[in-house]
Amino acid sequence: VSVSQNVWTHVRRSVTTWSPVGAAFNAKPARRAELRLQSAGLFGVPELSCPAGFQVAAKSALRNTELLVGRACSCPPGVETVESFDQLSDGLCRVADLADFVKVAHPDPAFREAAEKTCIDIGTVVEKLNTNVELCKSLKNLLDDPDVVAQLDPDTRRVAELFMFDFEISGIHLDDKLRKEAVALHVKLLDLNNEFLVGSNMPNRIARSVIPEHLHLQFASEGSFIQVGGLHADSPDDLVREIAYRIYLHPNADLMNCLEELLKCRYKMAKLVGYESYGHRALKGTMAQTPGSSKVSNTTHDLFSSFFHRTAKDFRMMSDMKKKLNPRNSELMPWDHPYLSGVLRAERYNIEPSLYSPYLSLGACMDGLNILFSQLYGVSLMSEHPSTGEVWSEDVRKLVNPPNGPCSQTAVVHETEGLLGYIYCDFFHRSDKPHQDCHFTIRGRRRCQDTGQYQLPVVVLMLSLPHPTKSAPTLLTPGMMENLFHEMGHAMHSMLGRTRYQHVTGTRCATDFAEVPSILMEYFATDYRVISQFARHYQTGQPLPESMVARLCESKKVCGAADTQLQIFYAVLDQIYHGKPQNRSTTEILEEMQQKFYGLPYTPNTAWQLRFSHLIGYGAKYYSYLMSRAVASMVWRQCFVQDPLNREMGERYRREMLAHGGAKEPMLMVEGMLQRRPTMEDFVDALVSELNPNFETFIMDSES
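So, how was this worked out
- Residues numbered from 1 in each chain as written.
- Predicted model: local features only at pLDDT ≥ 70, side-chain atom pairs only at ≥ 80, totals over all residues.
- Heavy atoms only, no water.
- Pairing = 2+ DSSP bridges.
- Helix = DSSP H or I, 4+ residues; strand = E, 2+ residues; numbered from the N terminus.
- Axes fitted to C-alpha atoms, helices over the stretch in contact; angles between N-to-C directions.
- Contact = heavy atoms within 4.5 Å.
- Parallel < 35°, antiparallel > 145°, perpendicular 65-115°, else oblique.
- Nonpolar A, V, L, I, M, F, W, Y, C, P; charged D, E, K, R; others polar.
- Polar contact = N/O pair within 3.5 Å; in protein donor to acceptor, adjacent residues only side chain to side chain.
- 1 Å grid on protein atoms, 1.4 Å probe; cavity = no way out; pocket = protein on both sides within 12 Å on 5 of 7 lines; lining within 4 Å.
- Points joined across faces, edges and corners; volume = space filled by probe spheres on them.
- Buried < 20%, exposed > 50% of the residue type's maximum accessible area, 1.4 Å probe, protein only.
- Patch = residues over 30% accessible without salt bridge, like charges linked within 9 Å, V, L, I, M, F, W, Y side chains within 5 Å.
- Areas by Shrake-Rupley, 256 points an atom, 1.4 Å probe, with all protein chains shown as cover.
- Salt bridge = Lys/Arg side-chain N within 4 Å of Asp/Glu carboxyl O.
- Lys, Arg positive; Asp, Glu negative; His and termini not counted.
- Charge placed at Lys NZ, Arg CZ, Asp CG, Glu CD.
- Core = buried A, V, L, I, M, F, W, Y, C linked by side-chain atoms within 4.5 Å.
- Disulfide = S-S within 2.5 Å.
- Expected span 1.5 Å × (residues − 1).

Asks: Requested: an account of the sheet that holds strand S5 (residues 397-400), with residues and values cited.
Replies: Strand order in the open sheet formed by 5 strands is S4-S5-S6-S8-S7, and the pairing between neighbours is mixed. The open sheet terminates on both sides in strands that have one partner only, identified here as strand S4 (382-384) and strand S7 (438-443). If you compare each strand with its neighbour and ignore which way they point, the axes differ by 30° on average. For S4 and S5, the ladder comprises 3 bridges, and the chain directions are antiparallel. The residue of S5 that forms the bridge with Ser383 is Leu399. Contacts from helix H18 (residues 478-495) reach S5, strand S6 (422-428), S7 and strand S8 (458-465) within the one sheet, and its direction differs from that of S8 by about 175°.

This is the structure we're talking about:
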């Protein structure tokens, strides 16, 4: 995309240093007059030029699956067995992962429906493969032969063990009767998972007459009912927040039964395949390893002890603020925490987002990412015009990652790598698009046995940014900018991986490690030495003042202990739910854990757990957010805080942590980066140290 194409005229006059990628993202998307050209198909897959193409792609993948199953079952035990399994996985994932994305993101209902059907078809085949005794036997013969195992390289052995784990948790080792029971449980769990996920996001409603008339406009209307689809946590009106909290979290009997049954089935399934609890099954292969007396339990309790007094102080500050704002109703309640912490931050540090946004145009932020990746890894981002039919919306941008040109320091690595992969940037708001910022793997990297070349990864980054206007490019708030950096951390995990097998490529790793690269990017996003490389006013070209960045960083520490305490409560609740059966309701468990690990009172006749949708994707693993943040904090403080643009550290980070995906034990990757094995105290200290004030900020503020 040309630097001058469609760039705002006033920007072009004042700011003349946008890189091509920055200019591309600060340009108005031009309408494409390509209706008569033949469609390249979604993501360049020719079959996907129309919805019916999903059936064609699925049938092709299933035919190839039959051939690979035959090869895996007939070849002698060895590397070829594992390669066949990985090709099986790759062939099915290339269709299923793409369909998984299209079913939630494509604006055309026909594409979404076709993708949904494909997901079900592929999922059915995967279930059959996971209970294919002959297929499992071929892998077991390999792993049971010590001579063969001794000849495998570490990556191949680990991938073989991971495939065997998939068989085991499906009950492959059970007799016919129990195996059928395991399959039936798995099918039931799929239905319960879907039912809970849908129900947890459904709004609740109440008769309009119950709500004071002057508040009706604060909520959606549905005939004679008021509809409440969220907590309205940012509302300055105490009563609006309270009403939203009580109605949105009001227990739904059907959903309550669904959750109770889901947890029972998970426990039963785990016991059936040989685990003490679902938590033990879920944590295998993670940094935490096992619940109970493990890192999860100990770290959580140590964190609780470390944050207890700080949290009490935060709650006192919130309580004082509530008394100031509403003297007649000053008791601090759970619906006050998000709002009052935001008020305290804004009052103390003046961090109104509109003051920052003019410095954070989307093009400037993409420029910053380009500069950062070039400095750390020697790779740069380039915008490429997609072919007709390749993208699902005309405002989707496509990035390629070619390595830099010759460089006198470590150019040898990059000179031999060539193109690293593709990132599709679906950044702008659409009414029919999920509002959650997220990363999708469409195709994973793997080394192709026939050519020796790496299959190029393809990922999608999805945000919901405002569209550019006639007078300005898309301007980001600091939170939006951090989210962009966070999601790009996931993308670069996929781009910079160098795994032999796609089964363990990029973000296909332990859940408590997968968030480390993305959270680490948040540290870069709030370091002035990085921000100063790109943040400048879209009209004047003036840089973002250092004092404003410092205030933003310090503001996050305000009520930070209470925020972390809330995450500890969620993590504990998740662990208890997925431990041994408690013989009491999930609400009774919630009430006890909230009292013990959070501090603000439980509100009668509410059931927050029915909105805890993370129980599906992060069941028994919600602690991962805390552990990943602790690891990212340690990596930042030890390796990058002195020089965030240090190429030597960037190369070490890629070599030790990003390159392996899930092919290496996560704790070994952390140990390789830190050059020591972190202790339990290190994890706790890493999170506690995040809240220590930076006194230079106060000096800066007083000087300015």
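Still more ground to cover, so stick around.
Asks: Please set out the packing of helix H26 (residues 624-640) against helix H29 (residues 680-689) residue by residue, giving values where relevant.
Replies: Remark: H26 packs on H29, axes separated minimally by 8 Å, with the N-to-C direction vectors making an angle of 80°. As far as their axial angle goes, H29 and H26 are roughly perpendicular. Judged by residue contacts, Leu626, Met627, Arg629, Ala630, Val631, Ser633, Met634 and Arg637 of H26 engage Asp682, Phe683, Asp685, Ala686, Leu687 and Ser689 from H29. Residue composition of the contact of H26 with H29, grouped by class: 8 nonpolar, 2 polar and 4 charged.

Asks: Residue-level account of the side chain of Ser341, with values.
Replies: Checked against the element boundaries, Ser341 lands in helix H14 (residues 337-349). In terms of polar contacts, Ser341 uses its side chain to reach the backbone carbonyl oxygen of His337, at 2.9 Å. Setting aside anything within four residues of it in sequence, one finds Ser341 in contact with Met318 and Cys559.

Asks: Run through the sheet that holds strand S2 (residues 220-222), naming residues and quoting values.
Replies: Ordered by their spatial adjacency, 3 strands build an open sheet running S1-S3-S2, and the pairing between neighbours is antiparallel. Two strands in the sheet have a free side with no partner beyond their single neighbour: strand S1 (204-207) and S2. Looking at each pair of strands side by side, their axes are set apart by 35° on average, direction ignored. In this structure, S2 lies alongside strand S3 (residues 225-228), joined through 3 bridges in antiparallel fashion. Its bridge partner lying in S3, Glu222 is registered against Phe225.

Asks: Summarise the layout of surface pockets; cite the residues concerned and give the values.
Replies: When its volume is computed, the second largest pocket comes out at roughly 480 Å³. Lining the second largest pocket are 20 residues, and of these Val45, Ala57, Gly91, Arg94 and Val95 sit closest to its centre. For the lining of the second largest pocket, the secondary structure elements donating two or more residues are helix H3 (53-74), helix H4 (79-105) and S7. Split into classes, the residues belonging to the lining of the second largest pocket amount to 11 nonpolar, 4 polar and 5 charged.

Asks: Lay out the pairing of S5 in plain terms, naming residues and giving numbers.
Replies: Burial along S5 is two-sided: Arg397 and Leu399 and Lys398 and Val400, pointing in opposite directions, are all buried. Sheet topology note: the S5/S6 ladder contains 4 bridges and is antiparallel. Bridge pairing links Leu399 to Ile423 in S6.

Asks: Could you give an account of empty space enclosed by the protein, with specific residues and numbers?
Replies: One pass over the structure, following the stated rule, counts 3 cavities of 30 Å³ or more. Here the second largest cavity is characterised by a volume of approximately 60 Å³. Where the lining of the second largest cavity is concerned, the elements lending two or more residues are helix H16 (362-377), H18, helix H20 (516-525) and helix H27 (647-658). In terms of residue count, H20 provides more of the lining of the second largest cavity than any other element does, 4 residues in total.

Asks: Which residues make up a positive patch on the surface, and what values go with them?
Replies: There is a patch of like positive charges on the surface, built from Arg310, Lys313, Arg316 and Arg348. Counting residues per element, the positive patch draws most heavily on helix H13 (residues 295-325), which supplies 3 residues.

Asks: So what's going on with the nonpolar core? Which residues, and what values?
Replies: Among the nonpolar cores identified, the biggest contains 163 residues, and Met366, Phe427, Met488, Phe640 and Met657 are the most heavily contacted of them. For Met488, the contacting residues outside a window of four places in its chain are Met366, Leu369, Phe373, Leu399, Ile423 and Leu461. Within the second largest apolar cluster, 28 residues are counted, among which are Val69, Val82, Val95 and Leu129.

Asks: Residues and numbers for the state of the cysteines, please.
Replies: On inspection of all chains with the given rule, the structure shows 0 disulfides. Here Cys265 is not cross-linked by a disulfide; its sulfur's nearest cysteine counterpart is in Cys258, at 9.6 Å. For Cys265, a relative accessible area of 4% translates into the label buried. Of all cysteine sulfurs in the structure, the one in Cys93 sits closest to Cys448, which takes part in no disulfide; the separation is 15 Å.

Asks: Summarise helix H11 (residues 253-272); cite the residues concerned and give the values.
Replies: Spanning 20 residues, H11 covers 28 Å between terminal C-alpha atoms, matching the ideal 28 Å at 1.5 Å per step. All of the buried residues in H11 are Leu255, Met256, Cys258, Leu259, Leu262, Leu263, Cys265, Arg266, Met269, Ala270 and Leu272. Those residues of H11 hidden inside the fold are in contact with helix H8 (154-169), helix H9 (176-200), helix H12 (278-282), helix H23 (560-577), helix H24 (586-597) and helix H25 (614-617). The N-cap of H11, judged by a side-chain oxygen 3.0 Å from the amide nitrogen of Asp254 a few residues on, is Asn252.

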